[in-house]
Amino acid sequence: MMGKEGFSESAEGGVLSLGSLRYRIRPLRADDLHSLGECFLRLSTTSRRHRFLGTKRALSDMELEYFSNADQCDHIALAALALDEAGAEHALYGAARCFRLAPGGADAELSIAVADTAQGIGLGGQLLARLIETARGQGIHRFVFEVMESNTAMRALAARFGSKTRSIFAGVVSYELLLSEAAPTEAEPQRAMGKGASFAELERAWLSASEQQARFGSLVAEITVDWMRLLDPASRFDSILQQSGRESTPTTD
């Protein structure tokens, strides 16, 4: 069984550029207690409920002490810290941890929390990938965890890493993740039409939307004409369409 020396270089932190900030992922330390408390305050009511499976207004001093004093063996914890322009850590935006179900055992309970302002940029996936790598090196073979059904982001992350559903009860989904099989699939890239979009990209998007609208309008017109012909074969729609410049389709009796 390995102790703190079991951390790989990647777990100790390289710099990640995600969203508009740079982050470092490293083992959570006892002196991160204050930053951990500030990170909890960055969680919305919904994020707190998803993380703790119920209402959680505050972390007690005892809880903060426990969460920040991971022994990095039976309780492994990683933190994601935002960096300033000089590369110094200035705020904690997420944490991932696992607790062995039995001291020295192969199974551990997983939990992840990411501040709302840092969600949707891939930080949770990076934390989970680093935690899996570290836990493997410490002899952990399986993660078990529970997720509220309404927590679609965490459920998508669980599926992406190959987690299997064990049960669903009272709005809570129970998962297991075998670390030997954990292999994140790449999420399909999303290209946003934001500030960085070129004029050509915007033009193509506008033309595509216009073309779809025109095709839909044409289809509606054709269906209307066909219905009128069916209801009244002697209708004057053909002559009206010819006068307007639109070709009519001959029909056979």
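Residues numbered from 1 in each chain as written. Predicted model: local features only at pLDDT ≥ 70, side-chain atom pairs only at ≥ 80, totals over all residues. Heavy atoms only, no water.

**Thoughts on the overall build of the protein**
When its secondary structure is counted, the protein shows 8 helices and 8 strands. Burial analysis of the protein (253 residues in total) assigns 37% to the buried set. When contacts within the protein are restricted to residue pairs at least 6 apart in sequence, those whose partners lie at least 24 apart make up 58%. With an accessible surface of roughly 15,500 Å², the protein has 54% of that area assigned to carbon and sulfur atoms. (Helix = DSSP H or I, 4+ residues; strand = E, 2+ residues; numbered from the N terminus. Buried < 20%, exposed > 50% of the residue type's maximum accessible area, 1.4 Å probe, protein only. Contact = heavy atoms within 4.5 Å. Areas by Shrake-Rupley, 256 points an atom, 1.4 Å probe, with all protein chains shown as cover.)

**Describing unusual backbone geometry**
We note that Leu53 has phi near 55 degrees; this positive angle belongs to a residue other than glycine. Although it is not a glycine, Ala170 sits at a positive phi angle of roughly 55 degrees. One can find Ala170 in the loop between β7 (164-169) and β8 (172-178). For Ala170, a relative accessible area of 67% corresponds to the exposed category.

**Side note on the pattern of salt bridges**
Under the definition given, this model contains 8 salt bridges. With a shortest N-O distance of 2.6 Å, Lys56 and Glu63 are connected by a salt bridge. Between Arg100 and Asp74 there is a salt bridge, with the nearest N and O atoms lying 2.9 Å from each other. Taken together, the positions of Arg100 in strand β4 (residues 89-100) and Asp74 in the loop between α4 (61-68) and β3 (75-83) put the pair 26 residues apart, joining distant regions of the chain. With relative accessibility at 9%, the residue Arg100 sits in the buried group. Here the residues in one salt-bridge network are Arg24, Arg26, Asp32 and Glu89, joined through shared partners. (Salt bridge = Lys/Arg side-chain N within 4 Å of Asp/Glu carboxyl O.)

**Digging into the nonpolar core**
Looking at soluble globular proteins, one finds that nonpolar side chains tend to be buried together. Within the largest apolar cluster, 37 residues are counted, with the highest numbers of intra-cluster contacts made by Leu123, Phe143 and Phe145. At 6 residues, helix α5 (residues 123-137) tops the list of elements feeding residues into this core. Core analysis: the second largest hydrophobic core is formed by 14 residues, Leu59, Phe67, Ala79 and Phe99 among them. (Core = buried A, V, L, I, M, F, W, Y, C linked by side-chain atoms within 4.5 Å.)

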